[in-house]
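If you want the building blocks of each chain, they are given just below.
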Amino acid sequence: MKRISAYRTVLFLLLGLISITACDDGDVAVQSFDFDNQPLSYCDSDQSILFYVRNSSGTEAVLADLTINLNNLLSAGILSYDLEGGSNEVAYRIFDASAGPEYFCSAIPPTTPNVVEQYTAVSGRAELLVVVNKDDLDGIATDDELPLDQDTDNDGLFDYLDFDDDGDNVPTAFELDAFNTDGDNNPLTNPLDTDEDGIPNYLDNDDDGDGILTIDEDLNGDLDPTNDFTDPSVGPDYLNSEISLITPQPFYREHDYQVVSSIDLTLFDLVLTASGREVIKEVLFMGSLPNFLTSTITQTPVRD
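Small disclaimer: the values here were computed from a predicted structure and weren't measured. (Residues numbered from 1 in each chain as written. Predicted model: local features only at pLDDT ≥ 70, side-chain atom pairs only at ≥ 80, totals over all residues. Heavy atoms only, no water.)

### A look at the overall build of the chain
For step 1, the next point in the chain: For the chain, the count of helices and strands is 2 helices and 8 strands.
For step 2, the next point in the chain: Starting at the N terminus and walking to the C terminus, you meet the elements of the chain as α-β-β-β-β-β-α-β-β-β.
For step 3, the next point in the chain: Summed over its atoms, the accessible surface of the chain is roughly 15,400 Å², and 51% of this surface lies on carbon and sulfur atoms. (Helix = DSSP H or I, 4+ residues; strand = E, 2+ residues; numbered from the N terminus. Areas by Shrake-Rupley, 256 points an atom, 1.4 Å probe, with all protein chains shown as cover.)

Next comes the structure, spelled out in structure tokens:
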């Protein structure tokens, strides 16, 4: 995400000094206020995020400077921000020429375009609708790991968030049709089933059927059964039914899953004022930002 301009606060303070364009009766002309179908953009800093949407000509813009805890974007729901003072601000600006993205996000204040007029929000609220998509990136689509509350290894992570579904310390991605041996580019149509018991390895905690759990066929104790070979000509011990050495392992490997957050930004009950003039907008949809934030969640399940 780009950095918000450090001069933004100064601009808000100086707006009263900027010249304005007036109608014949002395009132400032509010232009189209038409932002339909225009893309939502943003700049960010450590403290806040400046969202902005411009009209088609770039001569008008609505800006919403919101103080957002990014951790709140990891869960689906609606986040609400009060615009009556405090750390959240909304403004409507009219320019004398088209304002590009560099105007809003540049580190040094641009000299053009000039702000002809600004209306500042004195009340209202901003709402972020947050939609999240979670994925363990194990090679299996979420729709193929239903039901969503399935937890094959009972480690507290649902399978669609668990990169090791059966809890054997061998990642699920290693136990599918990783080499596309059937040529259909679907890793689920021919997953590995070493002991041919009808349970694919990625859901089988004893892959070779020798009575020793795969997680405990880890001779060097590094939480990775794939690199322990008694007979290299056959393969790792956890896939060799002739080798039944048990080395109990009390821990699971560290698990990661990805959270992708998309947002919709809408302003409600917006009251904007400038020198005694007022603009009221009951609803102003500023736009959507798909895949706004991508986060990696790391945790290590506890083995019972």
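### Remarks on the state of the cysteines
For step 1, the next point in the chain: Under the counting rule described, the total for this entry stands at 1 disulfide.
For step 2, the next point in the chain: Paired by a disulfide, cysteine 43 and cysteine 105 hold their sulfur atoms 1.6 Å apart. Disulfide cysteine 43 to cysteine 105: torsion about the S-S bond roughly -65 degrees, handedness left-handed. In this pair, cysteine 43 sits in strand 1 (residues 40-44) while cysteine 105 sits in helix 2 (residues 101-105), placing the two residues 62 residues apart along the sequence. As far as the burial class goes, cysteine 43 and cysteine 105 line up, both buried. (Disulfide = S-S within 2.5 Å. Buried < 20%, exposed > 50% of the residue type's maximum accessible area, 1.4 Å probe, protein only.)

### Observations regarding the nonpolar core
For step 1, the next point in the chain: Core analysis: the biggest nonpolar cluster contains 35 residues, and Phe51 and Val62 have the highest contact counts within it.
For step 2, the next point in the chain: Within the residue set of this core, elements represented by two or more residues are strand 2 (49-54), strand 3 (60-66), strand 4 (77-82), strand 5 (89-95), strand 6 (115-135), strand 7 (255-274) and strand 8 (277-299).
For step 3, the next point in the chain: By size, the runner-up hydrophobic cluster in this structure holds 11 residues, among which are Ala61, Phe95, Ala99 and Val115. (Core = buried A, V, L, I, M, F, W, Y, C linked by side-chain atoms within 4.5 Å.)

### Regarding a nonpolar patch on the surface
For step 1, the next point in the chain: On the surface, Ile78, Leu129 and Val131 cluster together to form a nonpolar patch covering roughly 260 Å² of accessible area.
For step 2, the next point in the chain: Inspection of the secondary structure assignment puts leucine 129 in strand 6.
For step 3, the next point in the chain: On the basis of relative accessible area, leucine 129 is assigned to the partly exposed category, the value being 36%. (Patch = residues over 30% accessible without salt bridge, like charges linked within 9 Å, V, L, I, M, F, W, Y side chains within 5 Å. Salt bridge = Lys/Arg side-chain N within 4 Å of Asp/Glu carboxyl O.)

### A look at the pattern of salt bridges
Two side chains carrying opposite charge are able to pair once their charged atoms lie near each other.
For step 1, the next point in the chain: Applying the stated criterion across every chain, the model contains 5 salt bridges.
For step 2, the next point in the chain: Aspartate 269 is paired through a salt bridge with arginine 125; the nearest N and O atoms lie 3.1 Å apart. You can see aspartate 269 sitting in strand 7 and its partner arginine 125 sitting in strand 6, a full 144 residues away along the chain.
For step 3, the next point in the chain: Accessibility expressed as a relative area gives 46% for aspartate 269, which makes it partly exposed.
For step 4, the next point in the chain: In this structure, the salt-bridge partner of arginine 253 is aspartate 224, at a minimum N-O distance of 3.9 Å. Of the two residues, arginine 253 is situated in the loop between strand 6 and strand 7 and aspartate 224 in the loop between strand 6 and strand 7; the sequence distance between them amounts to 29 residues.
For step 5, the next point in the chain: The class of aspartate 224 is buried, set by a relative accessible area of 18%.
For step 6, the next point in the chain: One connected set of salt bridges, linked through shared partners, spans Arg125, Glu127 and Asp269.

### Observations regarding the packing of aromatic side chains
For step 1, the next point in the chain: A complete count under the given rule lists 12 aromatic pairs for this structure.
For step 2, the next point in the chain: The interplanar angle of 50 degrees and the centroid separation of 6.5 Å between the aromatic rings of tyrosine 42 and phenylalanine 51 together place this pair among those described as tilted.
For step 3, the next point in the chain: By relative accessible area, which is 22% here, tyrosine 42 ends up partly exposed.
For step 4, the next point in the chain: With a centroid separation of 5.0 Å and 85 degrees between ring planes, the pair formed by tyrosine 103 and phenylalanine 104 is classed as edge-to-face. (Phe/Tyr/Trp six-rings, centres within 6.5 Å; stacked < 30°, edge-to-face > 60°.)

### Remarks on the pairing of strand 1
For step 1, the next point in the chain: Two elements, strand 1 and strand 2, share 5 bridges in a ladder whose sense is antiparallel. Bridge pairing in strand 2 links leucine 40 to valine 53.
For step 2, the next point in the chain: The hairpin formed by strand 1 and strand 2 contains 4 residues between the paired strands. (Pairing = 2+ DSSP bridges.)

### A look at the side chain of aspartate 168
For step 1, the next point in the chain: Assignment of secondary structure puts aspartate 168 in the loop between strand 6 and strand 7.
For step 2, the next point in the chain: Comment: no salt bridge for buried aspartate 168; closest opposite-charge side chain is arginine 253, at 7.7 Å.
For step 3, the next point in the chain: With sequence-adjacent residues up to four places away left out, aspartate 168 is seen in contact with Glu175, Asn201, Asp204, Asn205, Asp207, Thr214, Ile215 and Pro225. (Lys, Arg positive; Asp, Glu negative; His and termini not counted. Contact = heavy atoms within 4.5 Å.)

### Details of the side chain of glutamate 117
For step 1, the next point in the chain: Here glutamate 117 is to be found in strand 6.
For step 2, the next point in the chain: Assessed through its relative accessible area of 7%, glutamate 117 is described here as buried.
For step 3, the next point in the chain: A distance of 3.0 Å separates the side chain of glutamate 117 from the side chain of arginine 277, its partner in a polar contact. (Polar contact = N/O pair within 3.5 Å; in protein donor to acceptor, adjacent residues only side chain to side chain.)

### Some details on the confidence of the model for the chain
For step 1, the next point in the chain: The pLDDT averaged across the chain works out to 88; a share of 90% of its residues lies at or above 70.
For step 2, the next point in the chain: Counted against residues more than four places away or in other chains, residues 1-29, with its pLDDT under 50, gives 57 contacts. (pLDDT = per-residue confidence, 0-100.)

### Describing the pairing of strand 5
For step 1, the next point in the chain: Summarising burial for strand 5: 6 of the 7 residues are buried, a large majority.
For step 2, the next point in the chain: As paired elements, strand 3 and strand 5 share 6 bridges and run antiparallel to each other. For glutamate 60, the partnering residue across the bridge sits in strand 5 and is isoleucine 94.

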